[in-house]
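Structural description and commentary
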Amino acid sequence: MALIELEKICKTYRSGNLHVPALVDLDLQVDTGEFTALAGPSGSGKTTALNLIGCIDQPTSGRLRIDGRNVADQTVPQLSDFRLYQIGFIFQSYNLIPVLTAEENAEFVLMLQGMRPEERQQRVRPLLERLGLGGLENRRPSDLSGGQQQRVAVARAMAARPKVILADEPTANLDSSTARELLELMRELNRDEGMTFLFSSHDPLVLEHAGRVVRLQDGHLVGDERKDG
Amino acid sequence: MDLLRLAWRNLWRNRRRTLLTVGAIGFSLLLIQTFHNLAIGSYRQMVNSGVRSGSGHIGIYAGDYALSREETLSYLPGELPRTITGLADVQQVVPRLYLPGLAQSSRESRGILLTGINPELERQINPFLKRIPDDRMIRGLDSRDALIGDRLMDELKLKPGQKLVITVQHRDGELAAELFRIRGVVRTGVKEVDHSLVMVGLNRAGRLAGIPGQVHELAVILHDSAVDRPPLKEVQALLPTRNDVRALSWEEAMPNLADAIKLDYASQKFIFAVILLIVSIGLINTLLMSVMERIREFGILIALGTRPARLRALIAVEALLLGAVGMTVGCALGSGATWLLIEYGLDLRWFITQELEFGGVVFDPILRARWDWPWMAGMGLLLMGICLLASLYPARKAARIEPARAMRHH
Amino acid sequence: MILWKLAFRNLRRNRRRTLLTLAAMVASSSLLILSLGVFSGMFVDMLASVTEQYSGHMVVAGKGYLDRREMHATMDQAQAVTEQASRLETFRGASPRLRSFGLLSLGDRTQPAEVLGIDPTREIQVTQLHRKLVDGRYLDPDEDHGIVLGVGLARKLRAEIGSELVFVTQAADGSIGNDLMTVRGLFDTGSVANDNGLALVPLHWLQETIALPDQLHEVAITLKDPLQAKPTAAVLAGRLDDRLEVRDWGQMLPEMAEVIASYGASTLILSMILYAAAGLGIVNTLYMSVMERTQEFGVLLAMGLHPAQVRRLVLLESTVLGVLAMVLGATLGFFLTLWMKTVGIDLSGSISSITYAGGTILPRLHAEFEFRNFWLPSLLLLVTAVLAGWLPARRAARLQPVEALRED
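Below is a summary of the structure that appears in this document. (Residues numbered from 1 in each chain as written. Chains lettered and ligands numbered in written order. Predicted model: local features only at pLDDT ≥ 70, side-chain atom pairs only at ≥ 80, totals over all residues. Heavy atoms only, no water.)

A few words on the overall build of chain B. A count of helices and strands for chain B gives 17 helices and 13 strands. Compactness check: chain B gives a C-alpha radius of gyration of 31 Å against a globular reference of 22 Å for 410 residues, more than 25% above the reference. Residues counted as buried form 56% of the 410 residues belonging to chain B. Across chain B, the fraction of contacts at a sequence separation of at least 24, relative to all contacts at a separation of at least 6, is 78%. Counting every atom, chain B has about 18000 Å² of accessible surface; 58% of that belongs to carbon and sulfur. (Helix = DSSP H or I, 4+ residues; strand = E, 2+ residues; numbered from the N terminus. Rg over C-alpha atoms; globule rule 2.2 N^0.38 Å. Buried < 20%, exposed > 50% of the residue type's maximum accessible area, 1.4 Å probe, protein only. Contact = heavy atoms within 4.5 Å. Areas by Shrake-Rupley, 256 points an atom, 1.4 Å probe, with all protein chains shown as cover.)

Bringing the environment of C:Leu198 into the picture now. Along the chain, C:Leu198 turns up in strand E8 (residues 198-202). For the pair C:Leu198 and C:Ser289, spaced 91 residues apart in sequence, the C-alpha to C-alpha distance is 65 Å.

Summed over all chains, the structure comprises four cavities of 30 Å³ or more. Its boundaries defined by the atoms lining it, the largest cavity holds a volume of some 170 Å³. B:Ile278, B:Gly282, B:Leu283, C:Leu280 and C:Gly281 are the residues nearest the centre of the largest cavity, which is lined by 21 residues in total. Secondary-structure elements contributing two or more residues to the lining of the largest cavity are helix H2 (15-53) and helix H12 (255-292) of chain B together with helix H2 (15-55) and helix H12 (263-291) of chain C. The element best represented in the lining of the largest cavity is H12(B), accounting for eight residues. (1 Å grid on protein atoms, 1.4 Å probe; cavity = no way out; pocket = protein on both sides within 12 Å on 5 of 7 lines; lining within 4 Å. Points joined across faces, edges and corners; volume = space filled by probe spheres on them.)

Summed over all chains, the structure comprises 16 aromatic pairs over all chains. A centroid spacing of 6.1 Å and a plane angle of 25 degrees characterise the contact between B:Tyr61 and B:Tyr65, whose relative ring orientation is stacked. With respect to burial, B:Tyr61 and B:Tyr65 carry one shared label: buried. Relative to C:Phe335, the ring of C:Phe334 lies with its centre 5.4 Å away and its plane at 85 degrees, an arrangement referred to as edge-to-face. These aromatic residues form a ring-pair network of at least three members: C:Phe334, C:Phe335, C:Phe369 and C:Phe374. (Phe/Tyr/Trp six-rings, centres within 6.5 Å; stacked < 30°, edge-to-face > 60°.)

Before going further, it helps to examine the pattern of salt bridges. Summed over all chains, the structure comprises 61 salt bridges over all chains. Here A:Glu34 ties to A:Arg226 by a salt bridge, and the two come within 3.6 Å at their closest N and O atoms. Residue A:Glu34 is found in the loop between strand E2 (18-30) and strand E3 (35-39), and its partner A:Arg226 is found in strand E10 (residues 220-226); the two are separated by 192 residues along the sequence. When its relative accessible area of 52% is taken as the criterion, A:Arg226 is described as exposed. Where B:Asp145 meets B:Arg183, a salt bridge forms, and the shortest distance between an N and an O atom there is 3.9 Å. One end of the pair, B:Asp145, is in strand E4 (residues 145-149); the other, B:Arg183, is in strand E6 (residues 175-186), with 38 residues separating them in the sequence. Residue class for B:Arg183 comes out buried when judged on its relative accessible area of 18%. Each of C:Arg69, C:Arg97, C:Arg99, C:Glu114, C:Glu123 and C:Glu218 takes part in salt bridges that share partners, so that together they form one network. (Salt bridge = Lys/Arg side-chain N within 4 Å of Asp/Glu carboxyl O.)

Attention shifts here to the environment of A:Pro59. All names here are of chain A. Residue position: Pro59 is located in the loop between helix H1 (46-53) and strand E4 (61-66). Given a relative accessible area of 26%, Pro59 falls into the partly exposed group. As for Pro59 and Thr48, which are separated by 11 residues in sequence, their C-alpha atoms are 9.2 Å apart. If we ignore the near neighbours within four places in the chain, the residues touching Pro59 are Ile9, Cys10, Lys11 and Leu52.

The biggest cluster of nonpolar side chains holds 161 residues, and the ones touching the most others in it are C:Val60, C:Leu104, C:Ile147, C:Leu149, C:Leu165, C:Ile221 and C:Leu236. Sorting elements by how many residues they give to this core places H12(B) first, with 19 residues. In this structure, this core is formed jointly by two domains, domain 1 (2-49 + 258-407) and domain 2 (56-250) of chain B, each of which donates at least three residues. The residues touching C:Ile147, leaving out its near neighbours within four places in the chain, are C:Leu104, C:Leu139, C:Leu165, C:Met181, C:Thr182, C:Val183, C:Arg184, C:Gly185, C:Ala199, C:Leu200 and C:Val201. Counting 101 residues, the second largest nonpolar core, distinct from the first, contains A:Phe82, A:Ala106, A:Ile165 and C:Ala302. (Core = buried A, V, L, I, M, F, W, Y, C linked by side-chain atoms within 4.5 Å. Domains from an automatic or database assignment.)

Shown next, in the form of structure tokens:
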């Protein structure tokens, strides 16, 4: 059974009297361990798809199952917990919490889960080390470069070992060498830890690294190609 | 005009914040105006009932009698009551003679203040005598009838119709006693007074003390319309220059009442000041926030060639507009509340069931407000001034923005 | 735990805003505490003007005397009353007294006066008149013909220390009692009634003069805590024989007792008015801080923070603000009250004593400490802060993560 199953998903935004379709009858399955990119020009619906899968938005119609569970059946607290334990987010504009240090940001989800401090540190320190953030643990986001901030965001998303990490245009605000470095790192983590990654991006660099590229246009699925290796 | 329109639009960009700030300004103005109007209304009630049983709006005394209560400072009023009543503002002139003395029943004696009055005139203005039925009033200036404080009558173990002996000092130094009969009972609610009041006819009292025809006090009662501008000078001009007779305003003649009002109003003013202080801090906070969140925008404006002085003016105008809206809302609320307090009043009996004396006057338990338009307008303008003051620091901050840094600001 | 950390750091993030909000809250509560302290000071003066300068906190007398002060309603159980009273927990002093109303004359001047026969050594345990002397001295224990009177009375009689006064009154046997006495001292209490109409004379002298040997009208008692007078009076009444009755100051001065009792309500109203004004400011600040963090709340929600936790976070911020303001406000209020208590402001230049509810307010601003002047405003401030946090917190908790994230 697939980790993520989208079945005839539609999402329509209303703006005044205007109904704007963002996704139209989208069918998609993502299996555990994939490193998949949703590609398409802006407005193609890729961020919407990611938001739906991340349970921070609800589809207008259709069925969404994650890990065998129907998302529509979940209550608001259940959805919160689901995001807390099963999903990691990486945002285009990093969105670190400005009042917390790098390490605290990376530990944040674990703190919410109620993990003890020593355990958290054991989990997060090596991760930060591996992401090249050793020695920057106590800096606030405002004292970090864009690449460093995005790496902290990656650490935050990965620390809780979620089933899937959703990354919305993670490289959009980074220069190409930083972006390449980050992508390679994520690919490595994907291979070593078996973590599922789902991107939305139109950055060729991302598509180059992706194991599978799902193409969207005007809310329709227009292509789905898998690379080997 | 452009500036005004721009400021007005800026104000409503963050509608919730503007509404909350307008609410804070309006609410404080409501409090200040309503409490002030209620206060001056209730002071007016106190003064009205106080001066009618006391010195009058203007009291006429010999020497410093009003202060020293020195018995020998009595005088012959002559034609004064008639000439003063002739003034347009004057409703009534009431003569009184005050003689400290001793009242004795067959078993008890008490120190009293024997008050010689003109029953007919007194009845028209003294609120405590209005409640006494006609057949309980002193019959004439020479009669042996007496009105007596209810507590005093109790302590003397007397009843209406019974007799008592009153001893006062004759002007020649000897003690003089005379028999009176209780005709009616007076209750003022002021303990001291109810314990010691005996009223008799003016002529009878004067003859007893050996000073027939003299008075200690002429209480001048004014028409309502003249209460705010007592014709002190006009009255003074009618007084004979030869002896030491002078006209005093009720504030000078009844310092207890005047000071009670002064003290009460001072504590109100303190509360007003605290409210204004709190609102000012809140205003600075709001205006500062609105500037800080627009740093980027101001940076762009400066980069486009806006002069810092214009930015400062923009923020000042925004503050003034905020103040103007707040003032309008506040004045509307304050007027509404005042209207309610004039129509229905505030019933103190919710809190206190006893009769309450303050400054020698018994409170009317239903407080009623009174309009004070100039003061209300003044407070509204004061709040606008505070808005302008509160905008100085934020305005300076905006004018000092460096465009290059501001545009990087997030 | 993590919520606490976030709350604290968020408050520190916009320090200027937090400090300004805090300043408004601290100003309102500390100045409120100060003004309540001044009101308490006025009440203490008012109560003292009657109790400590005249009646004591409670009075024991023969049944019926206190209503009409009838000369013949005497008692003679001084010994028993004093003994029972001294066993009371908060007992401070008891003074047997005889009272007479009469005329005092000097030369060709005569004034009515209330003359109180006292035992000087006992009276000083009850009233403070001996501390209010402005001229001369108090009565000696073995004094025979001495008199101490109020300055107003002395002024009207033109009496000074050493003047010989004549006292005339009706004696209990129907005769006219009169005697000569020498002025020993003058007191100035600020209370109009006392200063203009009260005189103290030796008890045994008055007993002879009005022909009531060994008789008393009352025993005045003071307690360490005037607010305990009511229950204490009930206790004492139970221990005395039933020809006597006991009244506390609240029964003797019902209007003042009501004014003091209703003080709680006025405190509440005043606090609510001030805090309503301060509360609007807090709501505004918190709204601003929630609005500008909309995107941040979106992230928190996306990462799995429950809406209830988001609400708790904002409420925590307002509560922390409230607790801080409460502590600072109470501390500042304490020092302001202390300053007003020790230094105070003398108003005698601009106003005179004012009678109120049967007592006298002295022309001075001076504060007294009372516990409830602190806890009530402090508690209400905290409640205000939490309430003011409620709306912004609800708004933060209702944010839709997607929309919040899109916010810039």
